[in-house]
Amino acid sequence: MKKLFDRVWDGTDQMVELAEKALAETIAELGESAPAVMPNTAYNLSCYMAWLGKEIATLGDLKAAFAEAKAMNVHEPRLGNVFEAGKATFLAAETIEACRYAKDPDPYKGEYHGHLTDAEVRALGVPLVTGDIPGFVVIVDPAPSDDAAVELVKGYQSRGIYVFLLGGIIDQLKSKNFAMGIGVRVVPVGPDPWQVCHVITVVHRAAMIFGAVKPGDVEAFDDYSFKRIFAFVNAFAPVRDIVVGCGAGAIAMGFPVITNDEKDMWPVPKSLLIQPDVDAFIDTSLEARDIKIKITNIDIPVAFSSAFEGEIVRKSDMQVDVDGSKFDTFELCRSRDVQDIEDHKIELIGPDFDKFDAGSAIGMGIIVEVGGKDMQTDFEPVFERNFHYFINCIEGAMHTGQRDVLRVRLNKDAYAAGFRAKHFGEVLYAKVKSEYEAIVDKCQVTIITDPDTLAKERAEAKKIYDKRDERLGSLTDESVDIFYNCILCQSFSPSHVCIVTPERLGLCGAVSWLDAKATHQLDPNGPCQVVTKERVIDEKVGLWEDVNENVSKYSHGNLERVSLYSIMVDPMTSCGCFECICGIEPLTQGVVIVNREHGGMTPIGMSFPDMASMTGGGVQTPGFMGHGKQFISSLKFMKTEGGPARIVWMPKDLKELVGAKLNASAKALYGIDDFTDMIADETVTEDPEELLAYITEKGHPVLTMDALV
């Protein structure tokens, strides 16, 4: 019987041998000058970037770096180098996959996911920070049975754990028609052990994106993965040597391995855990990484978890379609006196879902009434915005829209399991009471499907929305006495601090001034703290002494000054969770804005990942700024540099999203009608010379403004 260290080195030797062969064959076919790049990332081959400090562009670069990776696979002294050998396994795995992508930019053709893009990695930022994703698991090879595979993955989903799959377990889940994909946070990475590198690159890129860890700083990468990425591995018996080699690399990064292989494995406290009972894998894994899961008991017949937040319900699989484009729909949170509320009352007015034919489009309204001595009407829209998130966490449900334009779909499986209209009420009641327990004493929910009642209540809801808009419209930075900070993202970006004002929401797009106010009231010692604004330095630039003092304190001295209205003078830092990035375009002296969803290039010759690599990690980068989508139309957007009139280019989808509000702002500030028609997008050009010609033809106001640089 081989010893554990020998199994590590044998596994590493196998991976290195496969990599050496793949690299030689690929160079023979394509030549050393051929690109060796992963798609849509600014952190190419990030295992090499992280551990060896190598920026690789060609197969020739990879060949030279691979020689250094092989040198890490030293078998003696035994204890000192076994973990280095584990890292060499990952570097060899990345080499194999780089060769695969060199031959074919889309090698898995949708059957497996393979490489995750920077946009997909950044999309993990907010849920990781908020704890909606408390950790990651990598599951390797087939479970003892197909049913055991399903139960294990569903168990992790119900706890919000993000699941990466390698090997035969993918086929097991396919045989059970189990939904997999980024949307449900169960990612079938690939069929072989070496695809594990795509998971490791997620960790490395998180460190660079959110933590500003520098390439080659091995100690900082290992410290980041251990302290800030709560990951672990489940490996099923019989565990192959090549998987043992990968396991050593995982343990080196601080990720424990849990296996049911009792025959050919040896336990290592806190690192390699033998758990013969697969049913106990989840508890053992969570305990090993000290992950605490807060579970809210909700009386519904399907699972409830953040893992289902991105689930799509297709028309062919739809049981009920609440369609706001054809019928009356709305959702409303209303505060009332406590004595007027019957706690946990769920009332349905109108027919239930079983009274409609499968696939029917219907109208539906939701009224959630809450009461508590600390409840404020300003909190109503904060609660309401979270209805979207709460409903999307229901297995088999999909929610889009807000206010009185909704789309809610329920799939056939959820309906067959017994899900009915009242269960939306159960979810909203449970989540409102648990999430806002500090201010909500009682809650009741009314679901409406009766058309006449719907029409009447929707009209009443619109009156409430209009009053709120009047109230929110009067909330300006000048009209309030305090701002708030938000340091939620410091779990991943230790030096970043958001300053949230009525006219500048958090750069993630998820935290408004009212959200921060509610968060502070719910948890006075939590992530949102009061920021006074009494000692102004320069109101046009957005500089206050007390804001600077707050930023210095909460960034642990990493920042001294932050302006709120400038992209050039001490711009606010970014963690990496930003919805958009704004950057200067030198030829026009305007700015381009690109959102995370846009996969193409911009006129400054950079994609979103390229710009993000300069902007994230809590660093100040004059000329670049991360921000939320809705900040684009704010009257305070780049106020110092002339405001929204500086915008010369943005993707078409983003322009359509913010267009109405941006046009209104441009009209108010400059007297310009239809300003967005002057802004180019990717359908016009991605070339700076053509961009200048376009805005010149349109008479864009930036042409009359002072130069930025």
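Residues numbered from 1 in each chain as written. Predicted model: local features only at pLDDT ≥ 70, side-chain atom pairs only at ≥ 80, totals over all residues. Heavy atoms only, no water.

K.L.:
Explain the sheet that holds strand 13 (residues 405–411) residue by residue, including any values.
P.N.:
The four strands lie next to each other as 10-7-13-12, forming an open sheet whose pairing is mixed. The sheet terminates laterally at strand 10 (360–362) and strand 12 (397–402), the two strands that pair on one side only. On average, each strand axis in the sheet is tilted by 10° relative to the strand beside it, whichever way the strands run. In this sheet, strand 13 lies alongside strand 7 (residues 318–323) in antiparallel orientation, the contact comprising five bridges. Within strand 13, the residue paired with Val-320 across the bridge is Leu-410. (Pairing = 2+ DSSP bridges. Helix = DSSP H or I, 4+ residues; strand = E, 2+ residues; numbered from the N terminus. Axes fitted to C-alpha atoms, helices over the stretch in contact; angles between N-to-C directions.)

K.L.:
Pulling in residues and values, what's your account of the domain arrangement of the chain?
P.N.:
As far as domains go, the chain holds domain 1 (7–103), domain 2 (118–288), domain 3 (316–459) and domain 4 (479–704). On a C-alpha basis, the centres of domain 1 and domain 3 stand 52 Å from each other. (Domains from an automatic or database assignment.)

K.L.:
Please set out the confidence of the model for the chain residue by residue, giving values where relevant.
P.N.:
Averaged over all residues, the pLDDT of the chain equals 92, while 99% of them reach at least 70. Helix 6 (residues 125–130) is the least confidently modelled element of the chain, averaging 74 in pLDDT, while strand 23 (residues 647–649) averages 98, the highest of any element. (pLDDT = per-residue confidence, 0-100.)

K.L.:
So, the packing of aromatic side chains: which residues are in play, and what are the values?
P.N.:
Scanning the model with the defined rule gives 18 aromatic pairs in all. Centre to centre, the rings of Tyr-101 and Tyr-108 are 6.3 Å apart; their planes meet at 65°, and the pair counts as edge-to-face. Judged by relative accessible area, which is 7%, Tyr-101 ranks as buried. Counting every residue linked through ring pairs, the aromatic cluster contains Tyr-101, Tyr-108 and Tyr-112. The aromatic ring of Tyr-112 is capped on one face by Lys-174, whose charged end is 4.8 Å from the ring centroid. Here the guanidinium or amino end of Lys-636 rests over the ring plane of Tyr-565, the centre of that ring lying 5.9 Å away. (Phe/Tyr/Trp six-rings, centres within 6.5 Å; stacked < 30°, edge-to-face > 60°. Buried < 20%, exposed > 50% of the residue type's maximum accessible area, 1.4 Å probe, protein only. Lys NZ or Arg CZ within 6 Å of the ring centre and 35° of its normal.)

K.L.:
Summarise the environment of Glu-641; cite the residues concerned and give the values.
P.N.:
Topologically, Glu-641 is positioned in the loop between strand 22 (624–627) and strand 23. Sequence spacing of Glu-641 and Gly-590 is 51 residues, and the spatial spacing of their C-alpha atoms is 9.6 Å. When neighbours within four sequence positions are excluded, Glu-641 is seen to be in contact with Tyr-565, Ser-566, Ile-567, Met-568, Arg-646, Met-705 and Leu-708. Engagement of the side chain of Glu-641 in a polar contact is seen with the side chain of Ser-566, the distance being 2.6 Å. (Contact = heavy atoms within 4.5 Å. Polar contact = N/O pair within 3.5 Å; in protein donor to acceptor, adjacent residues only side chain to side chain.)

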